[in-house]
Amino acid sequence: MTWQEQYSENIMKSASLPSAELVRGEGAYVWDSEGTKYLDFLGGIAVLSLGHAHPVLVKAVSEQIATLGHVSNYFATPPQLELAERLLRLTGGDRVYFCNSGAEAIEAGIKLARRTGRPRILSLQNSFHGRTMGSLSLTGKPALREAFEPLLPNIEHIDSAIEALEKAMGPDVAALFVEPIKGEAGVVDLPEGYLEAAREITARHGALLILDEIQTGAGRTGAWFAFQKTGIVPDAIALAKGIGGGVPIGALVAYGAAAELLVAGQHGSTYGGNPLVTAAANAVLGEIERAGLVENAERQGIAIRKALVGLPLVEDIRGQGLLIGVGLSKPVGAAVVASAAAEGLIVNAPNDTSIRLAPALIIGDAEVSEFIEKFTKALEANA
Ligand SMILES: Cc1ncc(COP(=O)(O)O)c(C=O)c1O
């Protein structure tokens, strides 16, 4: 049986057939089962902060599973306590809740919102917050929601203009959920000043501002967390993806009074914050700090942007740091992805007119040059 047959016969049809079977990775490269080598500029969708098989992560996970892999939330463990302190130091937050994925971090945020006692929740049109029923309720893409309705009530998806927020806001709004950059929408930036205005408006109405930094966090945008470029203090931030570098972990960091909203017995998860995944996140975040990868993300992001200007099909360049959206002048996203793969380059197209780049934060000048060479060919093939 081929891997395609195995996949088609055995795996639920919730996703389409993958384009390759990957068997090994190292740094910014992966290999498929036919021996083809790819430069990975998607990074497991903004997950692989340290790239593939980074020795620091391999060592931390290997040592932790050999020492104490899992307990339960009846017990504390040193890696969990260390990660809590580290995340609070990096985010400026007051308390953290640990879970296993981005969607679960959003679910925890929805629970915070419910605890305000207010019924309505706002999120943005074209946003993506996850696929569980609660996070899907917030996701502003009707095509993803429709098959699963009824979802959570009293959720409104508003336009990303500041005026729309002002209009929708009221004393019955519990929270606004916002991605600092809409990743799944094609890496789409918010209007200038949106987060600052959202902070002022939510605060004025006593509503929570909950930021979804699942895709933008852990140094990817050239700041530890994207909101830190604005100087605002949110009520909570949802984290996952890049903090674990490939090991499934999610977290909700809360600030001030919002950090006290959940009380004993109100939330939990079997695996949340277990020693294995928290040791992994400590290793990832520690290495990002030690190796100056936040600065590297900013520097290489600037280099990539500069090199993209003027290439065929490139209409605009969005995002920050190493979360980059390339707007195409023709709806050939899928064809560009296929041409890139033929050149030995992995990128993705969140929609017909956007290519998303989210490489490992460890990439250097050589990988950037190789990317530009391969990507240029993929664009030329479809121009
Ligand atoms: C901004 C954002 N929020 C939430 C999620 C959901 O995270 P997960 O797939 O880990 O549940 C994603 C995943 O792509 C995301 O990009």
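Up top is the structure.
Residues numbered from 1 in each chain as written. Predicted model: local features only at pLDDT ≥ 70, side-chain atom pairs only at ≥ 80, totals over all residues.

Asks: Which residues make up unusual backbone geometry, and what are the values?
Replies: The amide bond that connects Glu149 to the next residue, Pro150, takes the cis arrangement and shows omega of 5°. As for its placement among the helices and strands, Pro150 is situated in the loop between helix 7 (142-145) and strand 6 (155-158). Although it is not a glycine, Ala218 sits at a positive phi angle of roughly 60°. With respect to the element layout, Ala218 can be found in the loop between strand 10 (208-212) and strand 11 (236-239). Its 29 C-beta neighbours within 10 Å are what place Ala218 among the buried residues. Residue Lys241 is not a glycine yet carries a positive backbone phi of 35°. (Helix = DSSP H or I, 4+ residues; strand = E, 2+ residues; numbered from the N terminus. Buried ≥ 20, exposed ≤ 12 C-beta atoms within 10 Å, placed from the backbone.)

Asks: Talk me through the nonpolar core; I want residue IDs and the actual numbers.
Replies: Residues Ala105, Leu208, Ala251, Leu252 and Leu345 are the most contacted members of the largest nonpolar core, which totals 110 residues. The biggest single contributor to this core is helix 10 (residues 275-290), with eight residues. In terms of domain composition, this core takes at least three residues from each of domain 1 (3-54 + 292-380) and domain 2 (55-290). (Core = buried A, V, L, I, M, F, W, Y, C linked by C-beta atoms within 7 Å. Domains from an automatic or database assignment.)

Asks: Please give an account of helix 9 (residues 194-204) that cites residues and values.
Replies: Taken together, the buried positions of helix 9 are Leu195, Ala198, Arg199 and Thr202. Buried residues of helix 9, viewed axially, fall in a sector of 100°; they line one side. For helix 9, the elements touching its buried residues are helix 8 (162-168), strand 7 (173-178) and strand 10. One or two steps after helix 9, the chain reaches Gly206, where phi turns positive at roughly 70°. (Arc of directions from axis to C-beta. Contact = placed C-beta atoms within 7 Å.)

Asks: Describe the site of the ligand, and please don't skip the residues or the numbers.
Replies: If you check the shell around the ligand, you find 15 residues, and the closest are Ser101, Gly102, Ala103, Gly130 and Gln215. For the shell around the ligand, the element with the most residues is helix 5 (residues 102-115), which contributes three residues. A per-class count over the shell around the ligand returns six nonpolar, six polar and three charged. (Near = placed C-beta within 6 Å. Nonpolar A, V, L, I, M, F, W, Y, C, P; charged D, E, K, R; others polar.)

Asks: Let's hear about the sheet that holds strand 13 (residues 314-320): which residues, and what values?
Replies: Strands pair in a sheet through their backbones, by hydrogen bonds, and they do so in one of two ways: parallel or antiparallel. With antiparallel pairing, the four strands of this open sheet are ordered in space as 13-14-17-16. Whereas interior strands pair on both sides, the edge strands pair on one side only; in this sheet they are strand 13 and strand 16 (348-351). Averaged over all pairs of adjacent strands, the angle between their axes in this sheet comes to 30°, without regard to strand direction. When strand 13 meets strand 14 (residues 323-328), the two strands line up antiparallel, connected through six bridges. Paired with Gln320 across the bridge in strand 14 is Leu323. Helix 12 (residues 333-342) contacts strand 14, strand 16 and strand 17 (354-357) of the sheet and is inclined by roughly 170° relative to strand 16. (Pairing = 2+ DSSP bridges. Axes fitted to C-alpha atoms, helices over the stretch in contact; angles between N-to-C directions.)

Asks: Tell me about the packing of helix 12 against helix 13 (residues 365-380), and please be specific about residues and values.
Replies: Their axes nearest at 8 Å, the elements helix 12 and helix 13 cross at an angle of 135°. As the angle between them shows, helix 12 and helix 13 are arranged oblique. The interaxial crossing formed by helix 12 with helix 13 has right-handed handedness. Across the interface between the two elements, Val336, Ser339 and Ala340 from helix 12 touch Lys374, Phe375, Ala378 and Leu379 from helix 13. Grouping the constituent residues of the contact of helix 12 with helix 13 by class yields five nonpolar, one polar and one charged. (Parallel < 35°, antiparallel > 145°, perpendicular 65-115°, else oblique. Left-handed = near helix turned anticlockwise from the far one by under 90°.)

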